[in-house]
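Architecture and fold: a report
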Amino acid sequence: MAKESQSEDLPQFVQIRAGLLNRLAGRIGLSNPPTHRRFLRLLVLIMLTWLPLVLMSWNAGHLTGQTVKIPMFSDAEVNGRFLLALPLLDLSEAFLVIGLGVQVRQFLRSGIVSGKEREKFEATRARIEDFHDSTGAELVYFLASLAISILAHLYGPSNGTSYWGKHSTFLTPAGWWHMLVSLPILYFFLLRAVSLLLLWGWFLFRVSKLDLDLTPTHPDHAGGLGFLGWGIASFSPMVVGITIMVSVGFANEIYHRGESLSTLKYHLSIYVLLITLVLHAPVFAFGYKLATCRFEGLLDFGKLVAGHDRSFDEKWIRQPPSRNQDPLLGSFDPLSLAALGTTYEHIEEMRLVPIDKKAMFLIVLSAIVPLLPLIGTEIPLPEVMAKLAEFLF
């Protein structure tokens, strides 16, 4: 019971679904909903963003057919964004907050942060939580989302193209709704997700400046910070949502604007590389701490191993066998010699950045899988899947 009580006192990173939007959603029972209401929340988002576009396009005769170059149901970008990417971004926030909370608590449970440093740690976390939950921050996200949406309509690739949202040079009712309601909601959730990554990066940077109790002999080869490496996997649902947005955008370029995958392949490669680097960037803040921990560990254990090796050498090598009363067979001395040598090698193999290969692989996979249908426009999907399976296994 004491352990459970202590565990409950340990902090989260930020609260799940906090802020003005979720307080408003709470009035209709859609903030922190149980499983059956979570799907209702997603349905409400789709009804606000996608369904009005369908109804307005149908009323204008732009849902299908040849009245415009890109009818509503032929627009992979708008359908993919609001039916797939937006629900995923909403779900990924809860998943991400849980994952980051586990890592925050592990700093305290493991003793890496203790004593007076715990107060500084909690103060940093509390400031970040206050910012994340503030009404001002959400207003900034909303205004930025609205501005980005308007700029995208004015200067985006659809400018000058006849599509369901613009007939001739004028926006249709669906186009106005898309610009002023649907896209701002999508960008709002995207900015909230990105802000969590930025806040997490700032938090880790501040924590890296504390006096951390790292252990060079820790089996995770990262001084005890290995959990930060595998914790990056909690960003994978967010990566899938963002990649769907990228993929359907490229799909429109290919199907409606004459681009080919061969001209976009470099963009896709840069995207996968960039998102992997960005997500791993925060843990590089601990590079100096881990390098210092490794160096001091090698010095301390080097001294210990040197003294032990000299004693072993004097007892079993330099001393005449006639004067040694202990038989070598069955002695624990060689075992201790080997164990200390292994420990020293363990410290030598310590990583300077807490990166987990499996978590990195999951992030890369999350950035590639939503692109497979797009890649299938140039390469047969069975061939793509065979190459991916060969790469994986």
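Below is a short write-up of the structure.

All right, on to the overall build of the chain then. Within the chain one finds 16 helices and two strands. Put simply, the chain has 393 residues, and 45% of those count as buried. Counting contacts in the chain only where the partners sit at least 6 residues apart, residues at least 24 apart contribute 80% of the total. Within the structure as shown, the chain displays about 20900 Å² of accessible surface, and the carbon and sulfur contribution to it stands at 65%.

Applying the stated criterion across every chain, the model contains seven salt bridges. Notably, a salt bridge pairs R41 with D90, separated by 3.2 Å at the nearest N-O pair. Residue R41 is found in helix α3 (residues 35-49), and its partner D90 is found in helix α5 (residues 76-109); the two are separated by 49 residues along the sequence. On the basis of relative accessible area, D90 is assigned to the buried category, the value being 0%. It is possible to trace a salt-bridge network through shared partners that takes in E93, E138 and R192.

Taking 1.5 Å of rise per residue, the 34 residues of α5 would be expected to cover 50 Å, and the 47 Å separating its terminal C-alpha atoms lies within 8% of that figure. The sharpest bend along α5 reaches about 35° and sits at F82. The buried fraction of α5 is high, at 24 of 34 residues. Here α5 starts with a cap whose side-chain oxygen sits 3.1 Å from the backbone nitrogen of E77, and that cap is D75. G111 lies just past α5 and shows a positive phi near 85°.

Counting residues in hydrophobic clusters, the biggest one holds 77 residues, and the most contacted among them are F107, F121, L225, L228, F235, L279 and F286. In terms of residue count, the dominant contributor to this core is helix α8 (residues 173-208) (16 residues). Aside from chain neighbours lying at most four places away, what touches L228 is Q103, F107, W200, L204, V283, F286 and P354.

Positioned with a positive phi, H221 is a non-glycine residue whose angle comes to about 60°. Note on placement: H221 falls in the loop between α8 and α9 (226-231).

Next up on the list: the environment of G229. By the element assignment, G229 lies in helix α9. Sequence separation between G229 and D356 is 127 residues; the distance between their C-alpha atoms is 4.6 Å. With residues up to four places along the chain from it excluded, the contact list for G229 reads P354, I355, D356 and A359.

Mapped onto the elements, L146 comes out in helix α7 (residues 135-155). Considered as a pair, L146 and P184 are 38 residues apart in the sequence and their alpha carbons are 5.0 Å apart. Here L146 is in contact with M179, L180 and P184, once residues within four sequence places are set aside.

Interaxial distance between α5 and helix α6 (residues 116-133) falls to 11 Å at its minimum, and their mutual angle equals 165°. Judged by the inter-axis angle, α5 sits roughly antiparallel to α6. Crossing handedness for the pair α5 and α6: left-handed. Here E93, V104, F107 and L108 of α5 come into contact with α6, specifically with R118, F121, R125 and H132. Split into classes, the residues belonging to the contact of α5 with α6 amount to four nonpolar, one polar and three charged.

This part takes up helix α4 (residues 51-60). Among the residues of α4, those classed as buried are P52, L53, V54 and S57. G61 sits one or two residues past α4 and shows a positive phi near 80°.

Positionally, R81 belongs in helix α5. Among all residues touching R81, those that are not within four sequence positions of it are L86, L183, L186, Y187, M245 and V248.

Two elements in contact, α5 and helix α10 (residues 236-256), have axes whose closest approach is 7 Å; the angle formed by their N-to-C orientations is 170°. In terms of their interaxial angle, α5 and α10 are classed as roughly antiparallel. Two secondary-structure elements touch here, α5 through A76, E77, G80, R81, L84, A85, L88, L89, S92 and F95 and α10 through P237, M238, V240, G241, I242, I244, M245, V248, G249, A251 and N252.

What counts as what
Each chain carries its own residue numbering, running from 1 in the written order of its sequence. Only residues with pLDDT of at least 70 are given local features in this predicted model, and only at 80 or more are side-chain atom pairs given and counted; all residues enter the totals for whole chains, interfaces and linings. Neither water nor hydrogens contribute to the side-chain values; these are computed over all heavy atoms in the structure. Each helix corresponds to a stretch of at least 4 residues labelled H or I by DSSP, and each strand to a stretch of at least 2 residues labelled E; elements are numbered beginning at the N terminus. Only protein chains enter the accessibility calculation, which uses a 1.4 Å probe; a residue is then buried when its area is under 20% of its type maximum, exposed when over 50%, and partly exposed in between. When checking whether two residues touch, look at their non-hydrogen atoms; a contact exists if any pair is within 4.5 Å. For accessible areas, the Shrake-Rupley method is used with a probe of radius 1.4 Å. Any residue's cover is judged against the shown protein chains and nothing else. Each reported salt bridge corresponds to a side-chain nitrogen of Lys or Arg within 4 Å of a carboxyl oxygen of Asp or Glu. A helix is expected to reach a length of 1.5 Å times the quantity of its residues less one. Across the chain, bend at a residue is computed as the angle between axes fitted to the seven residues ending at that point and the seven starting from it. Whenever a nitrogen or oxygen atom comes within 3.5 Å of another N or O atom, the pair is scored as a polar contact, on the condition that within protein one atom can donate a hydrogen and the other can accept it, and that pairs from neighbouring residues in sequence are kept only if both atoms are in side chains. Throughout, nonpolar core names a set of buried Ala, Val, Leu, Ile, Met, Phe, Trp, Tyr and Cys residues whose side chains join them through atoms within 4.5 Å. To obtain each axis, a line is fitted to C-alpha atoms, and for helices this fit is confined to the stretch in contact; angles are then taken between N-to-C directions over 0 to 180 degrees. For classification, angles of less than 35 degrees are called roughly parallel, those exceeding 145 degrees roughly antiparallel, those between 65 and 115 degrees roughly perpendicular, and all remaining angles oblique. If you view the pair so one helix is near and one far, a crossing is left-handed when the near helix is turned anticlockwise from the far one by less than a right angle, and right-handed when it is turned clockwise. Gly is put with the polar residues, along with every residue not named as nonpolar or charged; the nonpolar set is Ala, Val, Leu, Ile, Met, Phe, Trp, Tyr, Cys and Pro, and the charged set is Asp, Glu, Lys and Arg.

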